[in-house]
Amino acid sequence: MARGDGPGRDQPYTERETVEPPDWFVEQANVSDPTVYDRFEREWPDCWRDAAELLDWETPFETVFRGTDGPPFEWFPGGRLNAAYNCIDRHLPERKNQLALVWEGHLGESRTYTYLELYREVNAFAAALRERGVGPDDVVTLYLPMVPELPVAMLACARLGVQHNVVFAGFSADALATRMERAESAYLITCDGYYRRGSAVAQKNKADNARIAVDHDVSVVVLDRLGRDVHLGDDYDDYHDLLAAHKGAEIEPAPRAADDPLFRIYTSGTTGQPKAVTHTTGGYLAHVAWTARSVLDIKPEDTYWCSADIGWITGHSYIVYGPLALGTTTVLYNGTADHPEKDRLWELIEKYAVDVFYTAPTAVRAFMKWGKQYPQQHDLSSLRLLGTVGEPMDARAWEWYREHIGGGECPVVDTWWQTETGAILVSTLPGVDEMKPGAAGTPLPGIEASVVDRSGTAVEANTAGELVVTRPWPGMPHALLDGTDWGSVPDSAEEWRYYPEDSVSADEDGYITFLGRIDDAINVAGRRFSTKELESTVSGVDGVAEAAVVGANDERTGTAVYTFASPEDGYGESELRDAIEEAVVDAIGGIARPKEIVFTPDLPKTRSGKVMRRLLTAVANDEDLGDTSALRNPEILGEIQSTTSRE
Ligand code: PRX
């Protein structure tokens, strides 16, 4: 049965509790055998051999998992491999002329790389990095927008066996400097600028400022994107000059132990400072390849598009490493969904005949708001599977996505994971499981998780609690492998627990609905920020006596940043408002700009002086305040409510 013959449009999903994957999908799915769950349960941890076997190992691993006594855990110990070899070289005999990357840039500009072309550029750039002095313990920071040179540079690092440290291009100079400083990174790859919504955005000056701010010397490579003849000083190299100088070079892929670091990435932790998450070469790559194959159903002959930015973990795992490990064609887009028109993404899906499309719920909510007329202008019949990641996907958006983008038939996978997990842990397998709009799905085969209350006791079905992952998984990062994220190290793997800090409930079938974060992280449009980091930035502004930051519901971005600040005497609100915005943009970047800045003479506090953020969240959400008896200054709430307008 082909797509188009299925039950599809005549049955509205709103009338069904569950949605079955159509037969035409199941028939061709990479994983369609429902016994996979039982087999992975029975054979754990050996089941994960399936994932490792998707890769080529230079030295075979001795065993799948070691660590019965609790951390340190080892996945695939004894095995050696190279990630760039797995993502490029091994595909050459069969598909050297197949496209590896398709890049679509500014206003119709596009470029493609076959696997052979990618091989050549990665080798030349790896040779250039080596000649610049990059050695085994170095960390190379990549501060680039969505251009093909970003995955090229990542893979060049992987080829040399050195860690990359990708910093989202929209982050500020300060945010870049903090991440370079913490990583002790002496190498930086950036560009002069890039285009956004038709205008050039400067990048190099932010990189220059960061370079000045870090304590150590930094050697910089600059990619010319704008063609404006930027003057490069000492210790700066031009990307294309380096490529030309190393044209034809071949670099042996460095064999890496399975748990050698592949890269680090910073994310918002529970403190005000960004936290480094370091992923491994073997376990991570095996896990992303396995999930790209079983959840995203990627096949080598597909054209696959994940519209995330490589600056976040989603782009690392599911634009670069997962898809390329499987030898598919992965699309990179440097642009926005509504420029030049709101049909831009659908135009690209039609142009490249994309098979699988993976995006964020925030994007889907925007598409829904813009209206179905935009996707209707295009032939989207190439699509076979849709996915979402990064934040809760509500049933209405899920149904709209499937109906108007997926032609009423494509399965939709809502995938839950984190920077820390490296790869998807909770979803449906689209060739096996029925889908429940609004719930992400169950833990994947080989993953064990449950819902517990604060004391760690399992809660009943349909009751909110906290997610806990109760078994190690191959894509776990270094901190979890060696137990350094643990207050106390458990004696056995059975007692080991990982708390992702997500509030959830699970139904009778074990389908998990994600309700939001339980720590101080705010998830704005699928991007994670720390309220502590924002608060310390806002409190640092001259004239701000005290500040609190909370996340409040937002129709567009899921959650939005609300800032409550009490001014010092003599400071005007409008000047402070500008200063706060500027401070946030400088410290983090425009992406964290507060939606609302509310001025108040005081913050609601308990008698011991603790700010009650729960009440501020309720004010921002225009919700009932509940019990306010713990407050020392209850009168302040009325004042704050009257200044916080919510339409
Ligand atoms: O709260 C969860 C939310 O995003 C957090 C992880 O953020 P980050 O490390 O930036 O990674 C985002 C991309 C993997 C999670 O703790 N989250 C992620 N996926 C989902 C989600 N919330 C609900 N549903 C999801 N599918």
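Keep in mind that this is a model prediction, so the values were computed, not measured. (Residues numbered from 1 in each chain as written. Predicted model: local features only at pLDDT ≥ 70, side-chain atom pairs only at ≥ 80, totals over all residues. Heavy atoms only, no water.)

K.L.:
Quick rundown of the packing of helix H11 (residues 282–294) against helix H12 (residues 313–325)? Include the residues and the values.
P.N.:
When two helices pack together, their arrangement is given by the angle between the helix axes and the distance between those axes. Close contact between H11 and H12 brings their axes to 8 Å; oriented N to C, the two are set at 85°. Taken as axis vectors, H11 and H12 run roughly perpendicular relative to one another. Across the interface between the two elements, Tyr 284, Leu 285, Val 288, Ala 289, Thr 291 and Ala 292 of H11 pack against His 316, Ser 317, Tyr 318, Tyr 321, Gly 322 and Ala 325 of H12. Residue classes in the contact of H11 with H12 are distributed as eight nonpolar, four polar and no charged. (Axes fitted to C-alpha atoms, helices over the stretch in contact; angles between N-to-C directions. Helix = DSSP H or I, 4+ residues; strand = E, 2+ residues; numbered from the N terminus. Parallel < 35°, antiparallel > 145°, perpendicular 65-115°, else oblique. Contact = heavy atoms within 4.5 Å. Nonpolar A, V, L, I, M, F, W, Y, C, P; charged D, E, K, R; others polar.)

K.L.:
Help me get a handle on the sheet that holds strand S6 (residues 139–142), residues and values and all.
P.N.:
In space, the seven strands of this open sheet follow the order S12-S11-S8-S6-S7-S14-S15, with mixed pairing throughout. Single-partner strands in this sheet number two, and they are strand S12 (236–238) and strand S15 (274–280). Recorded for the sheet is a direction-independent mean angle of 25° between the axes of neighbouring strands. Here strand S7 (residues 163–166) pairs with strand S14 (residues 261–268) via two bridges, running parallel. Pairing of His 164 across the sheet is with Phe 263, part of S14. Against the sheet, H11 contacts S14 and S15, and its axis sits at roughly 85° relative to S15. (Pairing = 2+ DSSP bridges.)

K.L.:
Quick one: what's the story with the site of the ligand, residue by residue and with numbers?
P.N.:
As a structural note, the neighbourhood of the ligand is formed by 17 residues, with Asp 414, Thr 419, Asp 502, Arg 517 and Arg 528 the closest of them. Gln 418 places a polar side-chain atom, nitrogen or oxygen, 2.9 Å from an oxygen atom of the ligand. Only H12, strand S20 (412–415) and strand S26 (512–517) provide two or more residues apiece to the shell around the ligand. Across the shell around the ligand, the residue classes break down as six nonpolar, six polar and five charged. (Near = heavy atom within 4 Å. Polar contact = N/O pair within 3.5 Å; in protein donor to acceptor, adjacent residues only side chain to side chain.)

K.L.:
I'd like to hear about the side chain of Asp 502, residue by residue, with values.
P.N.:
Mapping Asp 502 onto the fold places it in strand S25 (residues 502–506). For the buried Asp 502, no salt bridge is present, and the opposite-charge side chain at shortest range is Arg 517, 4.0 Å distant. Here the side chain of Asp 502 touches Trp 416 through a polar contact of 3.1 Å, side chain to side chain. Filtering out sequence-adjacent residues up to four positions away, Asp 502 remains in contact with Trp 416, Gln 418, Gly 465, Glu 466, Leu 467, Phe 514, Gly 516, Arg 517 and Ile 518. (Buried < 20%, exposed > 50% of the residue type's maximum accessible area, 1.4 Å probe, protein only. Lys, Arg positive; Asp, Glu negative; His and termini not counted. Salt bridge = Lys/Arg side-chain N within 4 Å of Asp/Glu carboxyl O.)

K.L.:
So what's going on with the sheet that holds strand S23 (residues 449–452)? Which residues, and what values?
P.N.:
With respect to topology, four strands assemble into an open sheet ordered S23-S24-S25-S26, the strand pairing being antiparallel. Here the strands that pair on one side only, and so sit at the sheet edges, are S23 and S26. Strand-to-strand twist across the sheet, computed as the mean angle between neighbouring axes with direction ignored, equals 45°. Bridge count between S25 and S26: five bridges; the pairing is antiparallel.

K.L.:
Would you mind going over the confidence of the model for the protein in detail, with residue names and values included?
P.N.:
Of all residues in the protein, 97% have pLDDT values of 70 or greater, and the mean over the chain is 92. Here residues 4–16 is modelled with pLDDT under 50, and outside its nearest four sequence neighbours on either side it reaches 22 contacts, counting other chains as well. (pLDDT = per-residue confidence, 0-100.)

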